[in-house]
Amino acid sequence: MELSSLLTRRRVGMAAAASTAGRLLRLGAVRAEGHCRRLRRAGLERGFLQPTSAGKDAAQKRHVAHFTFQPDRESQEHGQTQKMNLFQAVTSALDNSLAKDPTAVIFGEDVAFGGVFRCTVGLRDKYGKDRVFNTPLCEQGIVGFGIGIAVTGATAIAEIQFADYIFPAFDQIVNEAAKYRYRSGDLFNCGSLTIRSPWGCVGHGGLYHSQCPEAFFAHCPGIKVVIPRSPFQAKGLLLSCIEDKNPCIFFEPKILYRAAVEQVPVEPYTIPLSQAEVIQEGSDITLVAWGTQVHVIREVALMAREKLGVSCEIIDLRTIIPWDVDTVCKSVIKTGRLLISHEAPLTGGFASEISSTVQLHDELPSFFLETF
Amino acid sequence: MAAAVSAASVWRQSLAQAALLLLRRPGVRGLARSGRISFYMTNYGEEGTHVGSAAALDSTDLVFGQYREAGVLMYRDYPLELFMAQCYGNMSDPGKGRQMPVHYGCKERHFVTISSPLATQIPQAVGAAYAAKRANANRIVICYFGEGAASEGDAHAGFNFAATLECPIIFFCRNNGYAISTPTYEQYRGDGIAARGPGYGIMSIRVDGNDVFAVYNATKEARRRAVAENQPFLIEAMTYRIGHHSTSDDSSAYRSVDEVNYWDKQDHPISRLRHYLVSHGWWDEDQEKTWRKQSRKMVMEAFAQAERKLKPNPNLLFSDVYQEMPAQLRKQQESLAQHLQTYGEHYPLDHFDK
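Residues numbered from 1 in each chain as written. Chains lettered and ligands numbered in written order. Predicted model: local features only at pLDDT ≥ 70, side-chain atom pairs only at ≥ 80, totals over all residues. Heavy atoms only, no water.

- Per an unreviewed UniProt entry, chain B is named 2-oxoisovalerate dehydrogenase subunit alpha, and its organism is Heterocephalus glaber.
- Annotation of chain B in UniProt includes, under Cofactor (unreviewed entry), the sentence "thiamine diphosphate".
- In the Catalytic activity (unreviewed entry) part of its UniProt record, chain B is described as follows: "N(6)-[(R)-lipoyl]-L-lysyl-[protein] + 3-methyl-2-oxobutanoate + H(+) = N(6)-[(R)-S(8)-2-methylpropanoyldihydrolipoyl]-L-lysyl-[protein] + CO2". (UniProt positions renumbered as here; feature names shortened; annotations may be inferred.)

- In the nomenclature of an unreviewed UniProt entry, chain A is known as 3-methyl-2-oxobutanoate dehydrogenase (2-methylpropanoyl-transferring) of Heterocephalus glaber.
- What the UniProt record of chain A gives under Catalytic activity (unreviewed entry) is the line "N(6)-[(R)-lipoyl]-L-lysyl-[protein] + 3-methyl-2-oxobutanoate + H(+) = N(6)-[(R)-S(8)-2-methylpropanoyldihydrolipoyl]-L-lysyl-[protein] + CO2".
- Of the comments in the UniProt record for chain A, the one headed Cofactor (unreviewed entry) reads "thiamine diphosphate".

**Some details on the side chain of A:Arg318**
Residues and elements named next belong to chain A.
Phase 1: Residue position: Arg-318 is located in the loop between strand 12 (312–316) and strand 13 (319–321).
Phase 2: Taking relative accessible area as the criterion, Arg-318 reaches 5% and is therefore assigned buried.
Phase 3: In terms of polar contacts, Arg-318 uses its side chain to reach the side chain of Gln-233, at 2.9 Å.
Phase 4: Side-chain polar atoms of Arg-318 contact the backbone oxygen of Gln-275, separated by 3.0 Å.
Phase 5: When near neighbours in sequence (up to four residues on either side) are disregarded, Arg-318 contacts Val-225, Val-226, Ile-227, Arg-229, Gln-233, Leu-237, Ile-271, Pro-272, Gln-275, Ala-276, Glu-277 and Trp-290. (Helix = DSSP H or I, 4+ residues; strand = E, 2+ residues; numbered from the N terminus. Buried < 20%, exposed > 50% of the residue type's maximum accessible area, 1.4 Å probe, protein only. Polar contact = N/O pair within 3.5 Å; in protein donor to acceptor, adjacent residues only side chain to side chain. Contact = heavy atoms within 4.5 Å.)

**Thoughts on the environment of A:Pro168**
Residue and element names in this part refer to chain A.
Phase 1: Relative to the helices and strands, Pro-168 resides in the loop between strand 5 (156–159) and helix 6 (170–176).
Phase 2: Judged by its relative accessible area of 41%, Pro-168 is partly exposed.
Phase 3: In this structure the C-alpha to C-alpha distance between Pro-168 and Glu-139, which are 29 residues apart in sequence, comes to 5.9 Å.
Phase 4: Once residues within four sequence positions are removed from consideration, Pro-168 is found in contact with Glu-139 and Gln-140.

**Looking at the interface of chain A and chain B**
A common way to state how big an interface is: give the accessible area lost once the parts meet.
Phase 1: Counting residues at the interface gives 47 residues for chain A and 41 residues for chain B.
Phase 2: In this assembly, chain A packs against chain B so that about 3,500 Å² is buried in total across both faces, 60% of it on carbon and sulfur atoms.
Phase 3: The interface formed by chain A and chain B holds 2 salt bridges in total.
Phase 4: Close ionic contact of A:Asp130 with B:Arg134 constitutes a salt bridge, the shortest N to O distance being 2.9 Å.
Phase 5: For the pair chain A and chain B, the interface holds 21 residue pairs in polar contact (both at pLDDT 80 or more).
Phase 6: Among the secondary structure elements, those contributing two or more residues to the side of chain A that touches chain B are strand 4 (132–134), helix 5 (139–151), helix 6 and helix 7 (180–183) of chain A. (Buried area = accessible area lost by both parts, 1.4 Å probe. Salt bridge = Lys/Arg side-chain N within 4 Å of Asp/Glu carboxyl O.)

**Regarding the UniProt feature "domain: Transketolase-like pyrimidine-binding" (unreviewed entry) in chain A**
Phase 1: Residues annotated in UniProt with the feature "domain: Transketolase-like pyrimidine-binding" (unreviewed entry) correspond here to residues 84–259 of chain A.
Phase 2: Here residues 84–259 of chain A runs as 38% helix and 16% strand, with 10 Å between its end C-alpha atoms.

**With respect to the packing of aromatic side chains**
Phase 1: Taken as a whole and assessed by the stated rule, the structure comprises 28 aromatic pairs over all chains.
Phase 2: With 5.3 Å between their ring centres and 80 degrees between their planes, A:Phe167 and A:Phe216 make a pair best called edge-to-face. Of this pair, A:Phe167 sits in the loop between strand 5 and helix 6 while A:Phe216 sits in helix 8 (residues 214–218), and the two are 49 residues apart along the sequence.
Phase 3: Look at B:Tyr78 and B:Phe83: their rings are 5.1 Å apart centre to centre, the planes differ by 85 degrees, and that puts the pair in the edge-to-face class.
Phase 4: Positioned above the aromatic ring of A:Tyr180 is the side chain of A:Arg183, whose terminal nitrogen or guanidinium carbon lies 4.4 Å from the ring centre.
Phase 5: Lying across the ring of B:Tyr178, B:Arg255 places its NZ or CZ 5.3 Å from the centre. (Phe/Tyr/Trp six-rings, centres within 6.5 Å; stacked < 30°, edge-to-face > 60°. Lys NZ or Arg CZ within 6 Å of the ring centre and 35° of its normal.)

**Some words on the side chain of A:Arg183**
Phase 1: Along the polypeptide, A:Arg183 turns up in helix 7.
Phase 2: On the basis of relative accessible area, A:Arg183 is assigned to the buried category, the value being 7%.
Phase 3: Those residues in contact with A:Arg183 that lie beyond four places of it in its chain are A:Asn175, A:Glu176, B:Gly95, B:Gln99, B:Thr113 and B:Ser115.

**Quick look at helix 3 (residues 47–55) of chain B**
Phase 1: Among the 9 residues that make up helix 3 of chain B, 9 are buried, leaving the element largely enclosed by the rest of the structure.
Phase 2: Within helix 3 of chain B the residues assigned to the buried category are B:Glu47, B:Gly48, B:Thr49, B:His50, B:Val51, B:Gly52, B:Ser53, B:Ala54 and B:Ala55.

**Re the nonpolar core**
Phase 1: Grouped together as the largest cluster of nonpolar side chains are 91 residues, with contacts concentrated most on A:Ile354, B:Phe145 and B:Phe171.
Phase 2: In contact with B:Phe171, not counting residues within four places along its chain, are B:Ile122, B:Val126, B:Cys143, B:Phe145, B:Gly158, B:Phe159, B:Ala162, B:Ile202, B:Pro232, B:Phe233, B:Leu234 and B:Ile235.
Phase 3: The next biggest cluster of nonpolar side chains, apart from the first, holds 51 residues, and it includes A:Ala93, A:Leu98, A:Tyr127 and A:Ala304. (Core = buried A, V, L, I, M, F, W, Y, C linked by side-chain atoms within 4.5 Å.)

**Focus: the UniProt feature "domain: Dehydrogenase E1 component" (unreviewed entry) in chain B**
Phase 1: The UniProt record annotates "domain: Dehydrogenase E1 component" (unreviewed entry) at residues 31–314 of chain B.
Phase 2: From the first C-alpha to the last, residues 31–314 of chain B spans 24 Å; its make-up is 44% helix and 11% strand.

**Notes on the pattern of salt bridges**
Residues and elements named next belong to chain A.
Phase 1: Tallied over the entire structure, the rule returns 35 salt bridges over all chains.
Phase 2: Across the pair Glu-243 and Lys-100 runs a salt bridge whose closest N-O atoms are separated by 2.8 Å. Of this pair, Glu-243 sits in helix 9 (residues 231–243) while Lys-100 sits in helix 3 (residues 86–100), and the two are 143 residues apart along the sequence.
Phase 3: Residue class for Lys-100 comes out exposed when judged on its relative accessible area of 53%.
Phase 4: With a shortest N-O distance of 2.7 Å, Arg-196 and Glu-252 are connected by a salt bridge. Within this pair, whereas Arg-196 is found in strand 6 (residues 193–199), its partner Glu-252 is found in strand 8 (residues 248–253), the two being separated by 56 residues in sequence. Accessibility classification places Arg-196 together with Glu-252 in one group, the buried group.
Phase 5: Taken together, the shared-partner salt bridges in this structure form one network comprising Asp-72, Arg-229, Glu-277, Arg-298, Asp-316 and Arg-318.

**Concerning the environment of B:Val212**
Residue and element names in this part refer to chain B.
Phase 1: Relative to the helices and strands, Val-212 is located in helix 10 (residues 212–229).
Phase 2: Taking the relative accessible area as the measure of exposure, Val-212 reaches 7% and is therefore buried.
Phase 3: Note: C-alpha distance between Val-212 and Ile-270 (58 residues apart in sequence) is 8.5 Å.

**Quick notes on the sheet that holds strand 4 of chain A**
Residues and elements named next belong to chain A.
Phase 1: Across the sheet, which stays open at both edges, the 7 strands sit in the order 4-3-5-6-8-7-13 with mixed pairing between neighbours. Looking at which strands have only one partner, the edges of the open sheet turn out to be strand 4 and strand 13. With direction set aside, neighbouring strand axes in the sheet form an average angle of 20 degrees.
Phase 2: Inspection of the sheet shows strand 7 (residues 224–226) paired to strand 13 by 2 bridges, in the antiparallel sense. (Pairing = 2+ DSSP bridges. Axes fitted to C-alpha atoms, helices over the stretch in contact; angles between N-to-C directions.)

**Here we look at the layout of surface pockets**
Phase 1: Of the pockets and cavities examined, the largest pocket occupies roughly 750 Å³.
Phase 2: At the level of secondary structure, the elements contributing two or more residues to the lining of the largest pocket comprise helix 8 and helix 13 (350–360) of chain A together with helix 14 (327–343) of chain B.
Phase 3: The class makeup of the residues in the lining of the largest pocket is 13 nonpolar, 9 polar and 3 charged.
Phase 4: If you add up the space inside the second largest pocket, you get close to 490 Å³.
Phase 5: The wall of the second largest pocket is formed by 18 residues, among which A:Asp72, A:Arg73, A:Arg229, A:Gln233 and A:Glu277 lie closest to the centre. (1 Å grid on protein atoms, 1.4 Å probe; cavity = no way out; pocket = protein on both sides within 12 Å on 5 of 7 lines; lining within 4 Å. Points joined across faces, edges and corners; volume = space filled by probe spheres on them. Nonpolar A, V, L, I, M, F, W, Y, C, P; charged D, E, K, R; others polar.)

**Focus on the packing of helix 3 of chain B against helix 10 of chain B**
All names here are of chain B.
Phase 1: Across the interface, helix 3 lies against helix 10 with an axial gap of 7 Å and an inter-helix angle of 40 degrees. As for how helix 3 packs across helix 10, the hand of that crossing is right-handed. Listed contacts from helix 10 to Gly-48, Thr-49, Val-51, Gly-52, Ser-53 and Ala-55 of helix 3 are Val-212, Val-215, Tyr-216 and Thr-219.
Phase 2: Split by residue class, the contact of helix 3 with helix 10 holds 5 nonpolar, 5 polar and no charged. (Left-handed = near helix turned anticlockwise from the far one by under 90°.)

Quick look at the structure:
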């Protein structure tokens, strides 16, 4: 299948306004020209990719959304591992946290019986009903309550059942949690608050079980927003969020809860926040994504290599804010091109922040931008 | 006699508060009107709710307020110098000059820093109470709010969570008749705030907020039971906001002078306490004169001192956003520093700490 249709295809079930976004930055006239020639040789005009000719690929036609989860190589550095899917990795992280920190509590809608995505299965029995408990159905209450626990210094792990429902808590997150330390002159803070929430398209979720609201929170200094691509990443990043001394929002790609399976260390370990990961090195173009889209982009990179002879460098951003500007810019300095792809709507999506910051970077030469 | 002594000390606190909060010209409110501080909110008429409730708490009980509870902080001996520092936003402000005046906070006195959004403190106070319960600390949390803020969704959330999660918290509603210009008839149509409590399963009481002893007794009993039974209590203290909403408000636009005078002259919490003390022979006109003079002097000295101080270092614009300063903010901080190097003459840098 052609690169163009990969970049522009829509997922079944995704909200109408959402689409995979691609922004192609071409930097440096000389470098571009060499690549231009290569693209033209592949039968593609400059900046414009042709669709597949009719009738050729009947066998390849797809009827539903598709991606293939690609596990990373097993990590040897954190001791014994166990096969876990993403929700089990989350449970493991929560289990580790409650074992280590006697003040830690988990709360939200339906967490007591194990949660609608089974992330909290077994924890109430193990740690007690005062530590793993249901709250009334009220997101502003859940987050406000969590802030209050954190203000006393105890560890609060709040669950918002779907990221689509985080908006009633927006005031508590943006006006309160994010500003608690700053406005009090560091007399008070709610750094021990972590909010976890299922995120992203799942195929059948429609408008209200599929959203990716990270861009709304990216505009809010004082909080951290983190999105894992895999079970191993999820556990390490979640543990980092819980230990981090700032309020964090941890979005869990729900389509990966069962579909992503990996060997994950049983013991606790952390993955640093605000550090993007170059998961594949390349020389012709930098591809940036987060969450589920990392796996789509991996497939894109494979096809680009096979069909276009293009070598892609892939970066998983991991932390949305504060984001790792240096790693992305360093990569773009090397490759000369940047493509950012996210599920969330194009306008005002986080790709805009990345693309404008990269373009402003001191060490990057003047450029022109093509968007499609 | 012990009662008289404690009553007298309660009275002194009230008068000290009155000195700070009631002085009309010059007063802190006067400072705002004359442009020396940007903004101020008085507490006139509600002193009974502050002092009565604060006196009934343990000093380590955590306080979440709205913005009209300065008397609670004053009861806990927060120094005048720091009240002034926050209002002036000077370099002595523990809040580092970041917020509008009256957004006080004090960690040692367990008074959580005030924020402007209304009612957001209510579910937070509930969470803090839950943590206090788990810690077996024999502490409660008290959460103050006005009858207007009680209309916010966060109030509903807080009440419901406190009841279902069995939290040792006192919800203290200052029903003072107005939310800026909105009278209670336009705020709710039911029987005030106390009547809502039972709907959540919360034991509730309505008290005369201008009777400092009634407020004290209700809060004392609520505290005792909250600790013993791990459940929330709701106190609705009926009072009256004698002053304007803030220095940005002129309440003559929406209420009569006669109405205000009634409360000021006939049902003022400080007057009522004074009459009580005088009638028992524990206070007299001479002591009153002396104490007023003394308070006025203390307040004026604190003003003068606060005004002389520099504002905080501009670098404090960037710290404490996160516990650690991220790279992007450091870049912005450096960018400001560079800007000031070139264009510093256009800024009043002399007023700021270097």
